Amino acid sequence: MSSENIANAKIIILHLVSDAPGLTYHMLMDKCLESLYMDYFTFSQGYNELIAASLLEKVSESDGTDQVTADSSEDILFITEGGKAVLDDIKGSLNQNTLNFLMKAKEDLQDQVSDRNSIKANIRAVDDVFYADLSINDDKGPVFSTSIRCEDKESCTKICNSWKQNPSEAFKSFSDLLK
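Everything in this summary refers to the structure shown in the same document. Residue positions within a chain follow its written sequence, with the count starting from 1. With pLDDT at 70 or above as the cut-off, local features in this predicted model cover only qualifying residues; side-chain atom pairs require 80 or more to be listed or tallied, and sums for whole chains, interfaces and linings still use all residues. In computing side-chain properties, one takes all heavy atoms of the structure into account and sets aside hydrogens as well as water.

**A short note on the pattern of salt bridges**
Applicable threshold: Any Lys or Arg side-chain nitrogen located within 4 Å of an Asp or Glu carboxyl oxygen qualifies as a salt bridge. What counts as a helix is a DSSP run of H or I of at least four residues, what counts as a strand is a run of E of at least two, and both are numbered from the N terminus.
One pass over the full model with this rule turns up 7 salt bridges. Here Lys-104 and Asp-108 are joined by a salt bridge, their closest N and O atoms 3.2 Å apart. Remark: Asp-108 and Lys-104 occur in helix 5 (residues 96–117); sequence separation between them is 4 residues, near one turn of the helix. A cluster of three or more residues bridged by salt bridges with shared partners is formed by Lys-31, Glu-34, Lys-104 and Asp-108.

**Some thoughts on the packing of aromatic side chains**
This is how the line gets drawn: Centre distance within 6.5 Å is the pairing criterion for rings of Phe, Tyr and Trp, where only the six-membered ring of Trp is used; planes under 30 degrees apart are then read as stacked, over 60 as edge-to-face, and the remainder as tilted. Charges are assigned to positions over rings by a cutoff of 6 Å between ring centre and Lys NZ or Arg CZ, combined with an angular limit of 35 degrees from the ring normal.
Under the criterion given, the structure shown has 8 aromatic pairs. Among the aromatic side chains, those forming a connected cluster through ring pairs are Phe-144, Trp-163, Phe-171 and Phe-174. Cation over ring: Arg-124 sits above Tyr-131, and NZ or CZ is 4.7 Å from the ring centre.

**Quick notes on the packing of helix 1 (residues 3–19) against helix 4 (residues 81–90)**
Short version of the rule: Think of each axis as a best-fit line through the C-alpha atoms, taken over the contacting stretch in the case of a helix, with angles from 0 to 180 degrees between the N-to-C directions. Helix crossings are classified by the rotation of the near helix relative to the far one: an anticlockwise turn of less than a right angle makes the crossing left-handed, while a clockwise turn makes it right-handed. The contact rule is simple, with two residues in contact once any of their heavy atoms fall within 4.5 Å. As a working rule, the residues Ala, Val, Leu, Ile, Met, Phe, Trp, Tyr, Cys and Pro are called nonpolar, Asp, Glu, Lys and Arg charged, and the rest polar, with Gly in that last group.
Where helix 1 meets helix 4, the closest approach of the two axes is 10 Å, and the angle between their N-to-C directions is 120 degrees. Note on packing geometry: the crossing formed by helix 1 with helix 4 is left-handed. Where helix 1 abuts helix 4, its residues Ile-11, Leu-14, His-15 and Ser-18 lie against Gly-83, Val-86, Leu-87 and Ile-90. Considered class by class, the residues forming the contact of helix 1 with helix 4 number 5 nonpolar, 3 polar and no charged.

**Quick look at the packing of helix 1 against helix 3 (residues 40–52)**
Filter applied, for reference: Angles below 35 degrees are treated as roughly parallel, those above 145 as roughly antiparallel, those between 65 and 115 as roughly perpendicular, and all remaining angles as oblique.
Their axes nearest at 9 Å, the elements helix 1 and helix 3 cross at an angle of 65 degrees. By the angle class used here, helix 1 and helix 3 are roughly perpendicular. At the point where helix 1 passes helix 3, the crossing takes the right-handed sense. Residues Asn-5, Ile-6, Ala-9, Lys-10, Ile-13 and Leu-14 of helix 1 lie in contact with helix 3, whose contacting residues are Thr-42, Phe-43, Gln-45, Gly-46, Tyr-47, Glu-49 and Leu-50. Across the contact of helix 1 with helix 3, the residue classes tally to 7 nonpolar, 4 polar and 2 charged.

**Describing the sheet that holds strand 5 (residues 141–150)**
Selection rule: In this description, strands pair whenever DSSP reports at least two bridges between them.
Pairing within the open sheet is antiparallel, and its 3 strands lie in the order 3-4-5. Strands at the two margins of the open sheet, each flanked by one partner only, are strand 3 (119–126) and strand 5. Ignoring strand direction, the axes of neighbouring strands in this sheet form an average angle of 20 degrees. Looking at chain direction, strand 3 and strand 4 (residues 129–138) are connected through 8 bridges and run antiparallel. Following the sheet pairing, Val-126 is matched in strand 4 by Val-129. Each of strand 3, strand 4 and strand 5 is contacted by helix 7 (residues 167–178), which is oriented at about 85 degrees to strand 5, the strand it contacts most.

**With respect to the nonpolar core**
Here is the rule: Working definition of a nonpolar core: buried Ala, Val, Leu, Ile, Met, Phe, Trp, Tyr and Cys residues. They are joined through side-chain atoms within 4.5 Å. In this scheme, a residue with accessible area under 20% of its type's maximum is buried, one over 50% is exposed, and one in between is partly exposed, where area comes from a 1.4 Å probe on protein chains only.
Ile-13, Leu-23, Leu-28 and Phe-43 are the most contacted members of the largest nonpolar core, which totals 29 residues. Counting residues per element, the ones that place at least two in this core are helix 1, helix 2 (25–34), helix 3, strand 2 (75–79) and helix 5. Top contributing element to this core by residue count: helix 1, with 7 residues. When near neighbours in sequence (up to four residues on either side) are disregarded, Phe-43 contacts Ile-13, Tyr-25, Leu-28, Met-29, Cys-32, Leu-33 and Met-38. One finds Ile-119, Ala-121, Leu-134 and Ile-136 within the second-largest nonpolar core, a separate group that totals 11 residues.

Purely spatial values, then, with no claim about function.
Quick look at the structure:
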């Protein structure tokens, strides 16, 4: 891997994370590999170097009790202030083909992040009582939101995992029952 390939990969990665804050590692990796500007090893090296240099920040999702569960195991990525400064200094070095790819990728990734963020499932603990907080959101706010009291944290985790698997069907069933 040439240092030029790694540098270009880093610029593309910084650009994508800047354009779609909150994307996951897998969303980023898929989009980078789809670009054909880098292979997996170039992506991995560039990504790891950006994290090590504190130009990207990865944040682990939590279930609401600071515990990571099966439905929140992905790291969410954000560009740091240092990353923004570096990107501002070097983004002029991209060719037109790469810029065209980045414009299309921005739209795709923003849609993916929006879809991912529209479904929420968190565990909330209040005085040793656990609640599964479930919601479907759109750009105007909650479309549906409910809290379910659970016997224990494991029950809440199962409910949250089920909700994330098929929230639309669960919401439709609930709505149909009320009609």
